[in-house]
Amino acid sequence: MSKTIELGVGGMTCASCVARVERGLKKVEGVESASVNLATERATVTYDPAVVTTPQILLEKVKDVGYEPVTSTVEFGVGGMTCAACVGRVERALKKVDGVLGASVNLATERATVTFLPSSAHLGHLKAAVKDAGYEVREADAGRDRTDVEREARARDVAELRRSVAFSAVFAVPLAILAMVPMLVPSVETWLMNTFGHDVMTRLNWVMLALAVPVQFGPGRRFYRLGWKSLKGKSPDMNALVMIGTSAAFFYSLLVTLAPGLFPEGTAHVYYEASAVVITLILLGKLFEAIAKGRSSEAMKKLLSLQAKTARVVRGGEELEIPTDEVLIGDLVAVRPGEKIPVDGEVVSGHSFVDESMITGEPVPVAKANGASVVGGTINQNGTFTFKATKIGADTALAQIIKLVETAQGSKPPIQGLADKVVAVFVPVVLGIAALTFLIWLLAGGQEALSFALVTTVAVLIIACPCAMGLATPTSIMVGTGKAAELGVLFRSGSALEALQGVSVVALDKTGTLTKGKPELTDLVTTPAFHRTDVLRLVASAERPSEHPIARALGDAAKREGVALTSPDAFEAVPGYGLTARVDGHDVQIGADRFMAKLGVPTTSFEEQARQLGDEGKSPLYAAIDGELAAILAVADPVKDGSADAVRALHRQGLKVAMITGDNARTANAIARQLGIDEVLAEVLPSGKSDAVQALQAQGRKVAFVGDGINDAPALARADVGLAIGTGTDVAVETADVILMSGDVRGVPNAFALSRATLRNIKLNLFWAFAYNVLLIPVAAGVLFPTFGLLLSPVLAAAAMGFSSVFVLTNALRLRSFRPPVASEGGAVATDLPAPA
């Protein structure tokens, strides 16, 4: 049976790195698939555990190809051990936890030290394993989860890059001034020669060497370390290009400085400033990239910030404040006003109102009392209550949402395939172009052939960095799916996000999607002799003993309007007609027109209202009180607010809209007319919804199906793209590709709009990344020199290379300002969060 694991991978800088790690992992025997994401710096590996017996094998391969796997080590106390057998038992229990690389338990100190993959395991898993083995965890170690580890690693990278850029700039700036000013201002060179003699330029070379060495072998050492590993692994990457290019410039200049007589007169130029400034600019570009990458995960940080850090658990009659990851199923958790609810559960005592906007998108707090469910991450308002924990750790609704977002951010859409294919051969092709450039200029460059050959070759190597290609897709996916999460739209994968683009028909389930899914009293018109409130009180009271949906709808309407009900003194259901009851001394009859005819009560006064209700697809009912016609009423499943807006928005996006329902054709067509729906598939049994979707697909159209996510699972799975709407906390059981956390159907056109914005963003990024290399590599090689006398300086090439990556990242970050085309009442995972910049 295959297993899938996630590995954090540090040190990747471009698409070549991604391809190299993927190739390395795929070469491991037993590995079935490997996918690496540059933006999230993670590898997802599926393997056969019978062959790959430990994840350590995968980590060693990551190291072999020149990168650092992200691991974490934690130490905590273990009580109850008495001998070496206990030690072995605890170690075995810990090693069985997925993601644990090694566990060492010391009997003398009664401490366990565990090394694990933070992407697959966390402290809660480890402590639970110890407890399941029959021992106790004595210390509450404030463990860190994977996101904390990765965030800290990124912060360390940014700090290190800042130091490297500052150090390099201290030497590179004066070096550039010394090299460039005499060339740009001939009078300065003349003044130097007149003042310090004709050998001043030779002495100046030694000064520039002194300035170049700290940059080349200080901050520049990282390119040698990583570049050499990539060359040894026969998979050259960006680091190899920079290493070869800057080394060529530096060592050529060093030879000119040490033995200028070896070169023809007029060709003994040094290029120290090129190597030092190139290294500085590339490091500066990497710094900007690291900062932008951090910003691209802002939405994920916001989601993570919703998690409570501690919980107040009632144990032995006392309240103990413990880390949330130590809460166990069945624990009683006390919540005070203003606190975040730490895990999912069920209220057992007390009452309050809870802000659940981060799950449902609805801004109105929800009343909670005995038996009510509560969701971790939501905020208690003004009351105090105690609840029993029912879901903890990865099983909570918020954890599932975060996992879905992380999975989507780490996945590759099909459009990424083009970039992957190009990158696989890109760097070797660039090395070939660089070698050809050097050879051509050496043969046809004239007196300064060697200088021309060096400058153009270095420029080609520097400008061809494939960083922008590697970042083009994952960064847009990362920002786009993160923004979607803020809007209450959860994409299961990048493929789902891209698949929406091919859809031409959106098929919507009616009940619970377009309508509220709960019958309501929609119409109540009385005759002049009766008052509306009195009629509602009598008919709702008459229906109290009934379990019919009409009875519940009338009862709910009375409750909403504050009408007090009484129990009827007598009640009789008349099959096929209606009911009769005695309420507060009044005879009350409710039923269809045939019941009124049977009772001899004429209904002609409501002919127009009855016709109007029929046009709306509603079946009119009548109420008689004491033998006199009192009112006409209708109970129906009302259309949700926003359904019409959603359909109009989908039409504006060029999509056809269909409705699939089990209702009769008359009712379905009435609702379709009301909403402007193009096609209706009515009287479809629940088991036939999948066939209805297939019928639409048989017309050669790609279909997105929108349903409630549970009852509509077969149709969601059959559709080209399934969108589950209003799923609340049932995220884990969905078969949909896209999950709309709010019950507002306006999230559907918003999901399509965000998908299109993200795909446009990816295409622009890919166009820029490819066009940049296609256009500028020939320029760097010197094709413009014979006609226009233009050569691209390696310094400018380094600046352009850095700008290309920053452009791609900045373009992706524009998605953070995406505004949905249709405003919904809630529709956000976290409505209390500030809007993205």
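Here the structure is a predicted model, which means the values were calculated and not measured.

A few words on the nonpolar core. By size, the foremost hydrophobic cluster in this structure holds 132 residues, and its most contacted members are Leu-7, Met-12, Val-45, Leu-58, Val-506, Leu-723 and Phe-752. What Phe-752 contacts, discounting residues up to four positions off in sequence, is Leu-500, Gln-501, Val-503, Val-506, Leu-650, Gln-653, Leu-655 and Ala-704.

This part is about the packing of aromatic side chains. Taken as a whole and judged by the stated rule, the model has 13 aromatic pairs. On the basis of an interplanar angle of 85° and a centroid distance of 5.4 Å, the ring pair of Phe-217 and Phe-250 is categorised as edge-to-face. In this pair, Phe-217 is assigned in helix 7 (residues 200-217) and Phe-250 in helix 9 (residues 238-258), connecting sequence segments 33 residues apart. For Phe-217, a relative accessible area of 36% translates into the label partly exposed. One aromatic cluster is present, built from ring pairs that chain together Phe-217, Tyr-224, Phe-250, Phe-251 and Tyr-272.

What follows concerns the pairing of strand 28 (residues 721-725). Buried residues dominate strand 28, accounting for 5 of its 5 residues. What you see with strand 28 is no split at all: Val-721, Leu-723 and Ile-725 on one side and Gly-722 and Ala-724 on the other are buried throughout. Sheet topology places strand 27 (residues 703-707) next to strand 28; 4 bridges connect them, and they run parallel. Each residue of the ladder has a partner; that of Ala-704, found in strand 28, is Val-721. As paired elements, strand 28 and strand 29 (residues 738-740) share 3 bridges and run parallel to each other.

Attention shifts here to a nonpolar patch on the surface. Together, Leu-436, Leu-439, Ile-440 and Leu-443 give the surface a local cluster of nonpolar side chains, amounting to about 430 Å² of exposed area. Position of Leu-439 relative to the elements: it lies in helix 14 (residues 416-444).

Once that is clear, we can look at the packing of helix 9 against helix 15 (residues 449-463). Running from N to C, helix 9 and helix 15 point in directions that differ by 155°, and their axes come no closer than 8 Å. Here helix 15 runs roughly antiparallel to helix 9, going by the angle between their axes. Taken as a pair, helix 9 and helix 15 cross one another with a handedness that is left-handed. Contact residues: helix 9 offers Leu-241, Val-242, Ile-244, Gly-245, Thr-246, Ala-248, Ala-249 and Tyr-252, while helix 15 offers Leu-450, Ser-451, Leu-454, Val-458, Leu-461 and Ile-462. Considering only residue class, the contact of helix 9 with helix 15 consists of 11 nonpolar, 3 polar and no charged.

Opposite charge on two side chains makes pairing possible when the charged atoms of those side chains draw close. As enumerated under the stated definition, the model contains 18 salt bridges in all. In this structure, Arg-42 engages Glu-6 in a salt bridge whose closest nitrogen and oxygen atoms are separated by 3.6 Å. Of this pair, Arg-42 sits in strand 3 (residues 42-47) while Glu-6 sits in strand 1 (residues 3-10); the two residues are 36 residues apart in sequence, bridging distant segments of the chain. Take Arg-42: its relative accessible area is 9%, and that puts it in the buried class. Here the residues in one salt-bridge network are Arg-312, Glu-319, Arg-336 and Glu-339, joined through shared partners.

Turning our eyes to something else, we now look at the UniProt feature "transmembrane region" (unreviewed entry) in the protein. On the UniProt side, "transmembrane region" (unreviewed entry) is annotated at positions that read residues 164-184, 204-220, 241-263, 269-292, 422-444, 450-473, 766-785 and 791-809 here. For the annotated span residues 204-220, helix accounts for 82% and strand for 0% of the residues, and the straight-line distance between the end C-alpha atoms is 22 Å.

Turning our eyes to something else, we now look at the environment of Ala-753. Residue placement: Ala-753 occurs in helix 27 (residues 747-781). Judged by its relative accessible area of 14%, Ala-753 falls in the buried class. Sequence spacing of Ala-753 and Leu-500 is 253 residues, and the spatial spacing of their C-alpha atoms is 9.5 Å.

We now examine the pairing of strand 16 (residues 384-391). Sheet topology note: the strand 11 (residues 332-335)/strand 16 ladder contains 4 bridges and is antiparallel. Among the inter-strand pairings, Ala-334 is bridged to a residue of strand 16, identified as Thr-386.

For Asp-509, the location among the structural elements is in strand 18 (residues 505-509). Take Asp-509: its relative accessible area is 4%, and that puts it in the buried class. Side-chain polar atoms of Asp-509 contact the side chain of Lys-689, separated by 2.7 Å. Setting aside anything within four residues of it in sequence, one finds Asp-509 in contact with Leu-514, Ile-660, Lys-689, Phe-705, Val-706, Gly-707 and Asp-712.

For the rest of this paragraph, the subject is the confidence of the model for the protein. Of the residues in the protein, 85% have a pLDDT of 70 or more, and the chain-wide mean is 82. Counted against residues more than four places away or in other chains, residues 826-837, with its pLDDT under 50, gives 38 contacts.

Next up on the list: helix 22 (residues 607-615). Restricting attention to buried positions, one finds in helix 22 the residues Ala-610, Leu-613 and Gly-614. Across the axial projection of helix 22, the buried residues extend over an arc of 100°, all falling on one side. For helix 22, the exposed residues lying more than 90 degrees away from the buried face are Glu-608, Arg-611 and Asp-615. If you follow the buried residues of helix 22, they end up packed against strand 19 (520-526), strand 23 (621-625), strand 24 (628-636) and helix 24 (665-675). A positive phi of about 80° marks Gly-617, the residue just after helix 22.

Attention shifts here to the state of the cysteines. Should the sulfur atoms of two cysteines be covalently bonded, the bond is a disulfide. Taken as a whole and judged by the stated rule, the model has 0 disulfides. Cys-14 carries a free sulfur, and the closest cysteine sulfur to it, the one in Cys-17, is 3.8 Å from it.

So, about the environment of Arg-163. Among the secondary structure elements, Arg-163 is positioned in helix 5 (residues 146-184). On a C-alpha basis, the gap between Arg-163 and Pro-219 in space is 9.0 Å, while along the polypeptide they are 56 residues apart.

Before going further, it helps to examine the sheet that holds strand 2 (residues 31-37). Ordered by their spatial adjacency, 4 strands build an open sheet running 2-3-1-4, and the pairing between neighbours is antiparallel. The open sheet terminates on both sides in strands that have one partner only, identified here as strand 2 and strand 4 (68-70). Taken pair by pair, the neighbouring strands of this sheet meet at an average axis angle of 35°, ignoring direction. Pairing of strand 1 with strand 4, which is carried by 3 bridges, proceeds in the antiparallel orientation. Among the inter-strand pairings, Val-9 is bridged to a residue of strand 4, identified as Pro-69. Lying on the sheet, helix 1 (residues 15-26) is in contact with strand 1, strand 2 and strand 3; it crosses strand 2 at an angle near 165°.

Here the focus is the sheet that holds strand 27. Sheet architecture is open: 7 strands sit in the order 17-29-28-27-18-25-26, paired in mixed fashion. Looking at which strands have only one partner, the edges of the open sheet turn out to be strand 17 (489-491) and strand 26 (679-681). Between one strand axis and the next, the sheet turns by 20° as a mean value, whatever way the strands run. Here strand 18 runs beside strand 25 (residues 656-660); their pairing, made up of 5 bridges, is parallel. Of the residues in strand 25, the one forming a bridge with Leu-508 is Met-659. Packing against the sheet, helix 25 (residues 689-697) makes contact with strand 18, strand 25, strand 26 and strand 27, and its axis sits at approximately 155° to strand 27.

The rules behind these values
- Residues numbered from 1 in each chain as written.
- Predicted model: local features only at pLDDT ≥ 70, side-chain atom pairs only at ≥ 80, totals over all residues.
- Heavy atoms only, no water.
- Core = buried A, V, L, I, M, F, W, Y, C linked by side-chain atoms within 4.5 Å.
- Buried < 20%, exposed > 50% of the residue type's maximum accessible area, 1.4 Å probe, protein only.
- Contact = heavy atoms within 4.5 Å.
- Phe/Tyr/Trp six-rings, centres within 6.5 Å; stacked < 30°, edge-to-face > 60°.
- Helix = DSSP H or I, 4+ residues; strand = E, 2+ residues; numbered from the N terminus.
- Pairing = 2+ DSSP bridges.
- Patch = residues over 30% accessible without salt bridge, like charges linked within 9 Å, V, L, I, M, F, W, Y side chains within 5 Å.
- Areas by Shrake-Rupley, 256 points an atom, 1.4 Å probe, with all protein chains shown as cover.
- Salt bridge = Lys/Arg side-chain N within 4 Å of Asp/Glu carboxyl O.
- Axes fitted to C-alpha atoms, helices over the stretch in contact; angles between N-to-C directions.
- Parallel < 35°, antiparallel > 145°, perpendicular 65-115°, else oblique.
- Left-handed = near helix turned anticlockwise from the far one by under 90°.
- Nonpolar A, V, L, I, M, F, W, Y, C, P; charged D, E, K, R; others polar.
- UniProt positions renumbered as here; feature names shortened; annotations may be inferred.
- Polar contact = N/O pair within 3.5 Å; in protein donor to acceptor, adjacent residues only side chain to side chain.
- pLDDT = per-residue confidence, 0-100.
- Arc of directions from axis to C-beta.
- Disulfide = S-S within 2.5 Å.

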